[in-house]
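Analysis of the macromolecular model
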Amino acid sequence: MITKHQRPRPIQNSSRMGGASIIPGGRIEQAAPVPVSNVMVICPTCKQPTRVGTHLRTVKDKTIRVRVCRNPECGQEIDK
């Protein structure tokens, strides 16, 4: 949720009976998408949101990058 500041403004042709009505202004809470840069991965081992590091691992003569939890107490692989 974000907070948006909005000015009061008149509604045009609001049934033409009571004259012009006004949409109130002020601080309005509105749903908004979360930027991708603010999303964190949850480690399956320590169940905490964490930054992700990479380690190189050799499997069957191939080098593979593996994502690793950056939490100092954990350090386990995220991709198994």
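Here we summarise the structure given alongside this text.

Before going further, it helps to examine the overall build of the chain. Of regular secondary structure, the chain possesses zero helices and eight strands. Helices and strands in the chain line up, N terminus first, as β-β-β-β-β-β-β-β. Split into buried and exposed, the 80 residues of the chain put 10% on the buried side. Roughly 7200 Å² of accessible area belongs to the chain as shown, and the carbon and sulfur atoms make up 53% of that amount.

Once that is clear, we can look at the pattern of salt bridges. Summed over the entire model, instances satisfying the criterion amount to one salt bridge. For the salt bridge of Arg57 with Glu77, the shortest nitrogen-to-oxygen distance reads 2.8 Å. In this pair, Arg57 is assigned in strand β7 (residues 52-59) and Glu77 in the segment after β8 (62-69), connecting sequence segments 20 residues apart. Here Glu77 falls in the partly exposed class, since its relative accessible area comes to 23%.

Mapping Arg7 onto the fold places it in the loop between β1 (2-6) and β2 (9-11). For Arg7 and Gly26, which are 19 residues apart along the polypeptide, the C-alpha to C-alpha distance reads 6.4 Å.

Further remarks concern the environment of Gln6. If you trace the backbone, Gln6 turns up in strand β1. In this structure, the C-alpha to C-alpha distance between Gln6 and Gly26, residues 20 residues apart in sequence, is 5.4 Å. Apart from the residues within four sequence positions on either side, Gln6 is in contact with Gly25, Gly26 and Ile28.

Calculation criteria
Think of each chain on its own: its residues are numbered from 1, step by step along the sequence as written. pLDDT decides what is reported in this predicted model: residues at 70 or higher carry local features, side-chain atom pairs at 80 or more are listed and counted, and totals for whole chains, interfaces and linings draw on all residues regardless. Computation of side-chain values: all heavy atoms of the structure, hydrogens and water removed. Helix and strand definitions here come from DSSP, where helices need a minimum of 4 consecutive H or I residues and strands a minimum of 2 consecutive E residues; each element is numbered from the N-terminal end. In this scheme, a residue with accessible area under 20% of its type's maximum is buried, one over 50% is exposed, and one in between is partly exposed, where area comes from a 1.4 Å probe on protein chains only. Working definition of accessibility: Shrake-Rupley area with a 1.4 Å probe, residue cover restricted to the visible protein chains. Each reported salt bridge corresponds to a side-chain nitrogen of Lys or Arg within 4 Å of a carboxyl oxygen of Asp or Glu. Residue contacts follow a heavy-atom distance rule, with two residues in contact if any of their heavy atoms lie within 4.5 Å.

What is shown is where atoms sit, not what they do.
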